[in-house]
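# Topology and contacts: notes
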Amino acid sequence: ALPFTHPFRFSGQLRNDDEHFSLRQLSARIGNSDLSGEIALDATATRPRLTANLVSHSFDLADLAPSVGAGVPNQPTDADLSAPNSNKTSQGLLPSYRFQFDRLKRMDAQVRLHADRIQTSKIPLRALDLGVNIKEGQLSLEPLRLTLPQGQLSGVVRIDTRSMPAVTALDIRLRDVKLGQFRSAKMSQPPVEGTLESRMQLKGTGNSVAEIFGDSN
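Treat the numbers as computed from the prediction; the structure is a model and nothing was measured.

It is worth spelling out unusual backbone geometry at this point. Most peptide bonds adopt trans geometry, and most residues besides glycine take a negative phi value. Residue E142 is joined to P143 through a cis peptide bond whose omega torsion reads 5°. Positionally, P143 belongs in strand β9 (residues 138-148). With an omega dihedral of 0°, the bond running from M164 to P165 counts as a cis peptide bond. In this fold, P165 is placed in the loop between β10 (151-160) and β11 (167-178).

What follows covers a nonpolar patch on the surface. Taken together, the side chains of L93, L94 and F213 define a hydrophobic patch exposed on the protein surface, amounting to about 310 Å² of accessible area. As for its position among the elements, L93 is in the loop between β5 (59-60) and β6 (108-115).

This next bit is on the side chain of S22. By the element assignment, S22 lies in strand β2 (residues 20-30). Residues within four places of S22 in sequence aside, it is in contact with Q13, L14, R15, I39 and A40.

Turning our attention to the packing of aromatic side chains. Scanning all chains against the criterion turns up 4 aromatic pairs. Ring centres of F4 and Y97 lie 5.4 Å apart, and the angle between their planes is 90°; this geometry places the pair in the edge-to-face category. Taken together, the residues F4 in the segment before β1 (8-17) and Y97 in the loop between β5 and β6 connect sequence positions 93 residues apart. Accessibility expressed as a relative area gives 14% for F4, which makes it buried.

In this section: the pattern of salt bridges. Scanning the model with the defined rule gives 9 salt bridges in all. As a salt-bridge pair, R98 and E211 come within 2.8 Å of each other at their nearest N and O atoms. Residue R98 is located in the loop between β5 and β6, and its partner E211 is located in helix α1 (residues 209-215); the two are separated by 113 residues in the primary sequence. Taking relative accessible area as the criterion, R98 reaches 42% and is therefore assigned partly exposed. Salt-bridge contacts for R158 lead to E142; the nearest nitrogen and oxygen are separated by 3.1 Å. In this pair, R158 is assigned in strand β10 and E142 in strand β9, connecting sequence segments 16 residues apart. Given a relative accessible area of 45%, R158 falls into the partly exposed group. Taking relative accessible area as the criterion, E142 reaches 35% and is therefore assigned partly exposed.

Conventions and cut-offs
- Residues numbered from 1 in each chain as written.
- Predicted model: local features only at pLDDT ≥ 70, side-chain atom pairs only at ≥ 80, totals over all residues.
- Heavy atoms only, no water.
- Helix = DSSP H or I, 4+ residues; strand = E, 2+ residues; numbered from the N terminus.
- Patch = residues over 30% accessible without salt bridge, like charges linked within 9 Å, V, L, I, M, F, W, Y side chains within 5 Å.
- Areas by Shrake-Rupley, 256 points an atom, 1.4 Å probe, with all protein chains shown as cover.
- Salt bridge = Lys/Arg side-chain N within 4 Å of Asp/Glu carboxyl O.
- Contact = heavy atoms within 4.5 Å.
- Phe/Tyr/Trp six-rings, centres within 6.5 Å; stacked < 30°, edge-to-face > 60°.
- Buried < 20%, exposed > 50% of the residue type's maximum accessible area, 1.4 Å probe, protein only.

What follows is the structure, given as structure tokens:
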């Protein structure tokens, strides 16, 4: 149940102790992002359990796009496991790749990622804290926190794959976001100023991002 990624390379120390695997001193590059940390896999249980603590000192937010299906084509039978690229873009605003969520029932996971520098094309961001938790076919993104120079986006995303199609619930908040920070270098003054406080709660069904948002209330 690992996510799609851009091409990657990594090195580390791999160890196997009676089906308890560990990858230590990890040094990885995924797309334009660097990663370090430790990964462990307990393969002795009925459902293998993956744990990871990862750190990035320069994380390109665009490298998360394949994990939500952006640039990944749908196939009649199985997923295309080749690396997503710019020639495989989905039509429309939201990714339409239909995930095989039943894979989430085959393993449990607890992954933590902290990035202390974020690369983006337009939005100013400083840090990312992300937790990915999978247990008995239920996936949650918690914590989900993006830190801006002035303000923060945080929330929780939960996907329950025990029903088909999957049920997704989002609860996202913007806190103390100063609107004056959103201006280009060519602007002498920001186009709008003030402090934004906002909350978005959505719940919908579907196996793709486009389906989930299209069905959401």
